[in-house]
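Structural features, examined
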Amino acid sequence: MVIRWLIKPKMYQDSVKLMKLSSELSKQEGIKHASVIMATELNKSTLENIGMLVPEVAAANADDLAIIVASDTEKQAQKALELAEKLLNRAEVQQGETKQQSPKTLRSAVEALPGANLALISVPGIYAATEALKALNLGLNVHIFSDNVSLEDEVWLKQIGTKKGLLVMGPDCGTAIIDGVPLAFANVVSRGKIGIVGASGTGIQEATVLIERMGGGISHAIGTGGRDLLDEVGGQMMLLGIDLLENDPSTEVILLISKPAGPQTTKKILDRVKQCKKPVIVNLLKGDMNIIRSAGFVGAVTIEDAAYKAVALANGEEAVSIPETYWGDYSEQMAVLERQLCPNQRYIRGLFTGGTLADEAMVILSDIIGDIFSNIPLKPELKLPSARKSHKHTIVDLGDDEFTRGRPHPMIDPFPRNERLMQEYADPEVGVILCDVVTGYGSHADPAGELARAVARARDAYPSNNPAVIAFVCGTEADPQPLSEQVKVLEEEGIFVLPSNAEAARTAGRIIKLHENRRV
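Being a predicted model, the structure only gives us computed values, none of them experimental. (Residues numbered from 1 in each chain as written. Predicted model: local features only at pLDDT ≥ 70, side-chain atom pairs only at ≥ 80, totals over all residues. Heavy atoms only, no water.)

Turning next to helix H8 (residues 201-213). With 13 residues, H8 should reach 18 Å at 1.5 Å per residue; the first-to-last C-alpha distance of 19 Å fits that figure. Here H8 lies mainly inside the structure; 10 of its 13 residues are buried. Every buried residue of H8 is listed here: Thr-202, Gly-203, Ile-204, Gln-205, Glu-206, Ala-207, Thr-208, Val-209, Leu-210 and Ile-211. Positive backbone phi, at 100°, marks Gly-215, one or two positions downstream of H8. (Helix = DSSP H or I, 4+ residues; strand = E, 2+ residues; numbered from the N terminus. Expected span 1.5 Å × (residues − 1). Buried < 20%, exposed > 50% of the residue type's maximum accessible area, 1.4 Å probe, protein only.)

Below, the structure is given as structure tokens:
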């Protein structure tokens, strides 16, 4: 195999553009691998893990662009590098043409679109706070998609937003649906009576999708950013979101979603819920349910349970827990998959693009099979020494910051998960691989196809290892990637698709438990 590279010093390019260039080069004849990246330490580490890091790229700086290709022949490699340069030059020309036609500042954008009331900020993190402040001073609500914004800047921006009565969603806010308009990563769901405020991107997406599958609909879904309920931030946007939904005539039930909040903020949020005139369901994933129950509120252990209770309340029914067999009985399929495992295939490996989906899976699996190691563990002692290497039962959030600095989120670029899938397949002790597939606006055009092809390649590479692959598709039929088509692609590759993330986790855990009992 021939490996060739090209370094373009101090040439910053958007990560999505780099992903598209990598994809285009990978399609060329004889190309085994192609990466067009900013030479950050994380990206260089990824190259090293797959044997593609050459000394020249290792010595490059984070603001240098690097193109690395592996091919069958020297001619094919050179041809790919020439194509990369050509595409980069064309992208620059197209970018220049676009800039001439678009407003150059937020102020000119507001003048070009009178009545606009929201700005979506998606720039490198070091610039995001400045742009958000400009938007707030123009009277705009703000959705900050950018990550790597300091906690101090977040507190400062949210204090300004609170004083002005403007939302500051984020930073690192992955999703929102405002008055039916999806922002950033979002699914196409029906309008309805349920309003959501969530400090969780994929948690909101999962809730909106499940509410739709259960027959309900969404009035608004307000993302706050994952740090909003830390005591340093004080839940400022969750409190403002509750105010807005309480006063919104289209909202009849409010669903709050978050990971455990700081103790002072938890009290503040629950005190506010106590005063709310509309029914509220509280889901603090990984949190202490006793705090919620003792306060007399409707709590939910999982996103699935929260969605079920929200729909029940919206229909005027009692908010009871979701029945164990709500989605069906999968015992027969589980038995078939378990019988295919070899005696030593004892571990689960979860490869998630959504952090809250990973959290929910860990909460469920730990009750069935015990300790789960992770880069976002339920307990500090279960943190992986390296997020890039699994240990026993492992769930990895591939969308965590340590995986996304300098490269697209795995919901956009599935390459990191595809590589990790191959790594897990190589381990003869892996019995079940658990994955999410998140569709909707902002996501990859065919995430199920990417996963199916990665599974096929892994099976070809390690034919004696045949773990069960289980997936949940977080999507709807109206998404740009229709649900039925995504499910069909996965099932044709032998992947077992379940109707909820929680059901997928339960099924994975039960297969391993069945196998454990059979080995005894």
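Time to look at the environment of Val-123. Examined against the element boundaries, Val-123 turns out to sit in the loop between strand S4 (118-121) and helix H6 (125-137). Residue Val-123 is classed as partly exposed on the basis of its relative accessible area of 31%. Taking the C-alpha atoms as reference points, Val-123 and Ile-144, 21 residues apart in sequence, are found 8.8 Å from one another. Once residues lying within four places of it in the same chain are set aside, the contact partners of Val-123 are Ala-128, Glu-131 and Ser-146. (Contact = heavy atoms within 4.5 Å.)

The contact between H6 and helix H7 (residues 151-164) brings their axes to 11 Å, and the two run at 5°. Regarding the angle of H6 to H7, the classification is roughly parallel. Along its contact with H6, which presents Ala-129, Ala-132, Leu-133, Leu-136 and Asn-137, the element H7 presents Asp-153, Trp-156, Leu-157, Ile-160, Gly-161 and Lys-164. Partitioned by chemical class, the residues of the contact of H6 with H7 number seven nonpolar, two polar and two charged. (Axes fitted to C-alpha atoms, helices over the stretch in contact; angles between N-to-C directions. Parallel < 35°, antiparallel > 145°, perpendicular 65-115°, else oblique. Nonpolar A, V, L, I, M, F, W, Y, C, P; charged D, E, K, R; others polar.)

Counted by the stated rule, this structure contains zero disulfides. Between Cys-342, a free cysteine, and Cys-435, which holds the nearest cysteine sulfur, the sulfur-to-sulfur gap is 20 Å. Overall, Cys-342 belongs to the partly exposed group, its relative accessible area being 34%. No disulfide involves Cys-435; its sulfur sits 14 Å from that of Cys-474, the nearest cysteine. (Disulfide = S-S within 2.5 Å.)

On to the packing of H8 against helix H12 (residues 303-314), then. The N-to-C vectors of H8 and H12 enclose an angle of 45°; their axes lie 9 Å apart at closest approach. The pairing of H8 with H12 is recorded here as oblique in orientation. Taken as a pair, H8 and H12 cross one another with a handedness that is right-handed. For the pair H8 and H12, the contacting residues are Gly-203, Glu-206, Ala-207, Leu-210 and Ile-211 in the first and Ile-303, Glu-304, Ala-307 and Val-311 in the second. Tallied by class, the residues present in the contact of H8 with H12 amount to six nonpolar, one polar and two charged. (Left-handed = near helix turned anticlockwise from the far one by under 90°.)

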